Amino acid sequence: MFETIQSLIDQEGQICVPARHLTPRANLYELGMTPYTAIRLLLAIERDFRIEFPRDSLNRQTMATMENIVRVIRAAQFAPAYEWLQAA
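Cut-offs used in this document
Residues numbered from 1 in each chain as written. Predicted model: local features only at pLDDT ≥ 70, side-chain atom pairs only at ≥ 80, totals over all residues. Heavy atoms only, no water. Core = buried A, V, L, I, M, F, W, Y, C linked by side-chain atoms within 4.5 Å. Buried < 20%, exposed > 50% of the residue type's maximum accessible area, 1.4 Å probe, protein only. Contact = heavy atoms within 4.5 Å. Phe/Tyr/Trp six-rings, centres within 6.5 Å; stacked < 30°, edge-to-face > 60°. Lys NZ or Arg CZ within 6 Å of the ring centre and 35° of its normal. Helix = DSSP H or I, 4+ residues; strand = E, 2+ residues; numbered from the N terminus. Arc of directions from axis to C-beta. Axes fitted to C-alpha atoms, helices over the stretch in contact; angles between N-to-C directions. Parallel < 35°, antiparallel > 145°, perpendicular 65-115°, else oblique. Left-handed = near helix turned anticlockwise from the far one by under 90°. Nonpolar A, V, L, I, M, F, W, Y, C, P; charged D, E, K, R; others polar.

Peer 1: Just checking my understanding: could you explain the nonpolar core for this structure?
Peer 2: Looking at soluble globular proteins, one finds that nonpolar side chains tend to be buried together. If you look at the biggest cluster of nonpolar residues, it comprises 26 residues, and the most contacted ones within it are Ile5, Ile9, Met33, Leu41, Ile45, Met63 and Ile69. What Met33 contacts, discounting residues up to four positions off in sequence, is Gly13, Ile15, Leu28, Ala38, Leu41 and Met63.

Peer 1: Got a minute to help me understand the packing of aromatic side chains in this structure?
Peer 2: Any two aromatic rings considered together are summarised by their centre-to-centre distance and by the angle between their planes. The tally for this structure, following the rule as stated, stands at zero aromatic pairs. It is Arg60 that lies over the ring of Tyr29; its NZ or CZ is 3.8 Å from the centre.

Peer 1: What is the right way to read unusual backbone geometry from this model?
Peer 2: Leaving glycine aside, a negative phi is the common case for residues, and trans is the common case for peptide bonds. Within the chain, Gln14 stands out as a residue other than glycine whose phi angle is a positive 50°. One can find Gln14 in the loop between helix 1 (2–13) and helix 2 (35–49). Gln14 gets classed as exposed once you look at its relative accessible area, which sits at 53%. Positive phi, close to 55°, is recorded for Arg50, a residue that is not glycine. With respect to the helices and strands, the residue Arg50 is situated in the loop between helix 2 and helix 3 (60–63). A residue is classified by how much of its surface remains accessible, and Arg50, at 79% relative accessible area, is exposed.

Peer 1: What exactly am I supposed to notice about helix 1 here?
Peer 2: Residue pairs spaced three or four apart in an α-helix point in one direction, given the helix's 3.6 residues per turn. Of all the residues in helix 1, the buried ones are Ile5, Gln6, Leu8, Ile9, Glu12 and Gly13. For helix 1, the arc enclosing every buried residue in end-on projection is 165°, short of the 170-degree limit, so these residues lie on one face. The first or second residue beyond helix 1 is Gln14, which carries a positive phi of 50°.

Peer 1: It is not clear to me how the packing of helix 1 against helix 2 should be interpreted in this structure. Could you clarify?
Peer 2: Each packed pair of helices is defined by two parameters, the angle between the axes and the distance between the axes. The contact between helix 1 and helix 2 brings their axes to 9 Å, and the two run at 140°. Taken together, the axis directions place helix 1 and helix 2 in an arrangement best described as oblique. Between helix 1 and helix 2 lies a crossing of right-handed hand. Note on element contacts: helix 2 touches helix 1 through Thr37, Arg40, Leu41, Ala44, Ile45, Arg47, Asp48 and Phe49, opposite Thr4, Ile5, Leu8, Ile9, Glu12 and Gly13. The residue inventory of the contact of helix 1 with helix 2, partitioned by class, reads seven nonpolar, three polar and four charged.

Next comes the structure, spelled out in C-alpha cells:
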C-alpha cells in the first residue's frame, strides 16, 4: 500500500523530495504540497484504490502524512462491509 501511495505522491503531490525517502509521518505540506495538489492526490488515491473518502475525512489533516492517508484508505475499504452490517 505504501509503495502505491508513494508513487501517487510523486505523480500528484509535487513535493521537493522523492516520496520513497519520506517517513510515514513526514508532513507533505511542509515539503511543498499545496491544497490543489492534495486534491489531485486524493482523487488519484480514490481511483487507484477504488474507494471514496468519507466526507468527514476531506480535510488538510487527512492528506498531511502518508500515515494519515493509509488510515483513511483502510477505513474507506472497510466502510461498505460496516454499512452492510448496519443495514442487516
